[in-house]
Amino acid sequence: MEPLSRPALLLLLLLRSAPLAAAVEPISMGIAVGVATALTGLLSTFPTLYCKFQECCEAQWVQLNLTGLKTDLENKLFGQHIATQVVLKAIKGFLTNPTPKKPLTLSLHGWTGTGKNLLSKIIAENIYRNGLESDYVHQFVSTLHFPHPEHLSHYKEQLQKWIRGNVTLCGRSMFIFDEMDKMQAGLIDAIKPYLDYYDNIDGVVYRKAIFLFLSNAGGERITESTLDFWHKGRKREDILLKDLESKVSIGVFNNKKSGFWHTSLIDKNLVDYFVPFLPLEYKHVKLCVREELKARGYEEDEHIITEIADEMTYFPESEKIYSDKGCKTVATKVDFYL
Ligand SMILES: *[C@@H]1O[C@H](CO)[C@@H](O)[C@H](O)[C@H]1NC(C)=O
Ligand SMILES: *[C@@H]1O[C@H](CO)[C@@H](O)[C@H](O)[C@H]1NC(C)=O
C-alpha cells in the first residue's frame with residue numbers, strides 16, 4: 001500500500017478521534033484507511049476545498065502582502081534604510097509582474113547581526129502564510145548542508161534535484177543560501193542555470209522563483225564607507241546604494257578567499273540587486289532590545305534596554321560607534337536579564 005498523504009492521515013485521525021470512535025472501532029483499519037484515501041482523492045478533485053486545509057501553491061497561501069512587508073521593514077529592521085528601499089522595490093516589482101524574465105536574485109551583504117537573516121524572515125512571512133516554515137521556502141547553510149569539499153559532486157546533484165523538484169511543485173518557491181562566502185565555487189555553478197534568462201529548462205519554469213544569497217563578503221567595505229560618512233559629519237540616512245555598490249563589488253571580487261564565487265554570477269548579470277547592510281549604532285541596538293522585549297510580551301523597561309545595549313562592545317576603538325555583533329546577541333542577553 002502506498003504511504004498515506006498528509007491530508008489522508010489527518011482525516012484518519014479525525015475519524016478515529018471522533019465521538020463516534022466507539023462505533024467506528026469495529027470497522028477494520030483497512031476500511032478506515034480506504035475511506036480516508038477516497039476522501040482525500042475527493043478533496044483533491046476540489047482544489048479550493050483542499051487548499052483550505054493544506055498548504056498549497058495558491059494565492060491563499062502564497063501571495064505578497066505589500067502592506068505587511070512595508071510595516072515589518074519599518075518596525076523590525078533597524079538602521080537599514082537602503083536595504084528597506086531596495087527590497088521593497090525589488091519584491092514589489094517582481095511579484096506584481098505576471099511574466100518575469102528570470103527569477104529574482106538578491107545578494108545581501110553585511111556584517112553579522114546587521115539583519116540579513118531577519119530580512120529573509122520578513123520577506124518569507126509576507127509572501128508565504130507559513131513564513132519560513134512554508135513547504136515552499138528552503139534554507140541552506142553552507143557549513144551545515146554542504147560541509148565536505150570532497151562531496152562536491154554529490155552536493156551538486158542533490159541541490160539541482162531539490163531545486164528542480166521544488167520548483168516543479170511550486171513555481172513561487174524561495175531558496176535562501178546562507179554563508180554564501182563559505183560555499184564552494186563549484187556549487188554556485190550548479191545553481192547558475194536556474195538563475196538565468198531561460199523560458200524553461202526541461203519543461204520546468206524557474207522564472208517565478210526567488211533566490212536570496214546571504215554573506216559577510218563586502219561587510220568591511222560597507223563599514224568603512226559608513227564610518228567615512230560619519231567622520232565627514234554626514235547623515236547615515238544620506239548614504240545611497242550607489243555610494244556602496246562599487247565598494248561592495250570591490251570587496252567581493254578582489255577578495256580571493258570569500259569573493260570569487262560571485263564573479264560568475266556578476267559576469268552574467270544574474271544577481272538583480274545588491275543589498276548592503278550597514279553596521280549598527282548604539283541607538284539601533286536599543287531598538288533591537290526594545291523589539292525583543294515587546295515580541296516576548298514584556299514591558300519595555302528602559303533600564304534593561306540601556307543596560308543590555310551598554311553591555312555590547314563597540315568599535316572603532318577610539319570612537320566606539322558601531323556594535324561589534326550588531327544585534328546578534330541581543331536575544332540571549334534578554335534571556336539572561338529575564
Ligand atoms: C497584511 O499585513 C497587515 C499588516 O501586518 C495585516 O494587518 C493584514 O491582515 C495582512 N493581510 C493579509 C491578507 O494577510
Ligand atoms: C525540496 O527541498 C528539500 C530541501 O529543502 C528537499 O528535502 C526535498 O526533497 C525537495 N523536494 C523535492 C520534491 O525535490
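Residues numbered from 1 in each chain as written. Chains lettered and ligands numbered in written order. Predicted model: local features only at pLDDT ≥ 70, side-chain atom pairs only at ≥ 80, totals over all residues. Heavy atoms only, no water.

A short note on the overall build of the protein chain
The helix and strand tally for the protein chain stands at 17 helices and seven strands. By the burial criterion, 45% of the 338 residues in the protein chain qualify as buried. Accessible surface for the protein chain amounts to roughly 17,800 Å². Of this, 56% is attributable to carbon and sulfur atoms. (Helix = DSSP H or I, 4+ residues; strand = E, 2+ residues; numbered from the N terminus. Buried < 20%, exposed > 50% of the residue type's maximum accessible area, 1.4 Å probe, protein only. Areas by Shrake-Rupley, 256 points an atom, 1.4 Å probe, with all protein chains shown as cover.)

Structural notes on the sheet that holds strand 2 (residues 137-141)
The strand order across the open sheet formed by five strands is 2-3-4-1-5, and the pairing between neighbours is parallel. The sheet is open, and its two edges are formed by strand 2 and strand 5 (273-277), each paired on a single side. Put simply, the sheet's adjacent strands are angled 15° from each other on average, direction ignored. In terms of strand pairing, strand 3 (residues 174-178) meets strand 4 (residues 210-215) through four bridges, oriented parallel. Within the sheet, the bridge partner assigned to Ile176 lies in strand 4 and is Leu212. With respect to the sheet, helix 10 (residues 185-195) is in contact with strand 1 (104-110), strand 3 and strand 4, its orientation differing from that of strand 4 by roughly 145°. (Pairing = 2+ DSSP bridges. Axes fitted to C-alpha atoms, helices over the stretch in contact; angles between N-to-C directions. Contact = heavy atoms within 4.5 Å.)

Some words on the site of ligand 2
In the neighbourhood of ligand 2, the contacting residues comprise His138, Lys161, Trp162, Gly165, Asn166 and Leu169. Contacts to ligand 2 include His138, whose side-chain N or O atom sits 3.1 Å from an oxygen atom. At a separation of 2.3 Å, an oxygen atom of ligand 2 approaches a polar side-chain atom of Asn166. Its residues assigned to classes, the shell around ligand 2 comprises two nonpolar, three polar and one charged. (Near = heavy atom within 4 Å. Polar contact = N/O pair within 3.5 Å; in protein donor to acceptor, adjacent residues only side chain to side chain. Nonpolar A, V, L, I, M, F, W, Y, C, P; charged D, E, K, R; others polar.)

Considerations on the nonpolar core
In terms of nonpolar packing, the biggest core is built from 66 residues, with Leu106, Ile123, Ile163, Met174, Phe177 and Phe211 touching the most fellow members. Counting residues per element, this core draws most heavily on helix 6 (residues 81-95), which supplies nine residues. Once residues within four sequence positions are removed from consideration, Leu106 is found in contact with Val87, Ala90, Ile123, Phe211, Leu212, Phe213, Tyr273 and Val275. Grouped together as the second largest cluster of nonpolar side chains are 15 residues, Cys288, Leu293, Ala309 and Cys327 included. (Core = buried A, V, L, I, M, F, W, Y, C linked by side-chain atoms within 4.5 Å.)

A short note on the pairing of strand 4
Taken across its six residues, strand 4 has six buried, putting it largely inside the fold. Residues Ile210, Leu212 and Leu214 of strand 4 are buried on one face, and the alternating residues Phe211, Phe213 and Ser215, pointing to the opposite face, are buried as well. Both strand 1 and strand 4 contribute to a ladder of six bridges, which runs parallel. Bridge pairing in strand 4 links Thr105 to Phe211. With helix 10 bridging strand 3 and the parallel strand 4, this β-α-β connection has right-handed handedness. (Right-handed = clockwise from strand over helix to strand, strands pointing away.)

Structural notes on the pattern of salt bridges
Counted under the stated rule, the structure contains 15 salt bridges. Residues Glu125 and Lys121 are paired through a salt bridge, measuring 3.4 Å at the closest nitrogen-oxygen approach. Residue Glu125 and its partner Lys121 are located together in helix 7 (residues 116-125), separated by four residues, close to a single helical turn. Across the salt bridge formed by Lys232 and Asp228, the nearest N and O atoms sit 3.3 Å from each other. Among the charged side chains, a network of salt bridges with common partners joins Arg236, Glu281 and Lys283. (Salt bridge = Lys/Arg side-chain N within 4 Å of Asp/Glu carboxyl O.)

So, helix 11 (residues 219-231)
A rise of 1.5 Å per residue sets the reference length of helix 11, with its 13 residues, at 18 Å; its end C-alpha atoms lie 18 Å apart and thus fit the reference within 8%. For helix 11, the set of buried residues is Gly219, Ile222, Thr223, Ser225, Thr226, Leu227 and Phe229. Residue Gly233 follows helix 11 closely and has a positive phi angle near 75°. (Expected span 1.5 Å × (residues − 1).)

With respect to the state of the cysteines
Evaluated as defined, the whole model comprises three disulfides. For Cys57, the disulfide goes to Cys170, at an S-S distance of 2.0 Å. Torsion about the S-S bond of the Cys57 and Cys170 cystine: about 65°, corresponding to right-handed handedness. Here Cys170 lies in the loop between helix 9 (152-169) and strand 3 and Cys57 lies in the loop between helix 4 (47-53) and helix 5 (66-76), a separation of 113 residues in the sequence. Exposure remark for Cys57: the relative accessible area of 29% places this residue in the partly exposed category. Residue classification places Cys170 among the buried residues on the basis of a relative accessible area of 0%. Paired through a disulfide, Cys288 and Cys327 show a sulfur-sulfur distance of 1.9 Å. With the S-S dihedral at roughly 85°, the linkage between Cys288 and Cys327 falls on the right-handed side. Pair noted here: Cys288 is in helix 15 (residues 282-295) and Cys327 is in the loop between strand 7 (322-323) and helix 17 (330-337), with a separation of 39 residues, a long-range link. We classify Cys288 as buried; its relative accessible area is 13%. Ordinal numbering of bonded cysteines along the protein chain defines a disulfide pattern of 1-2, 3-4, 5-6. (Disulfide = S-S within 2.5 Å.)

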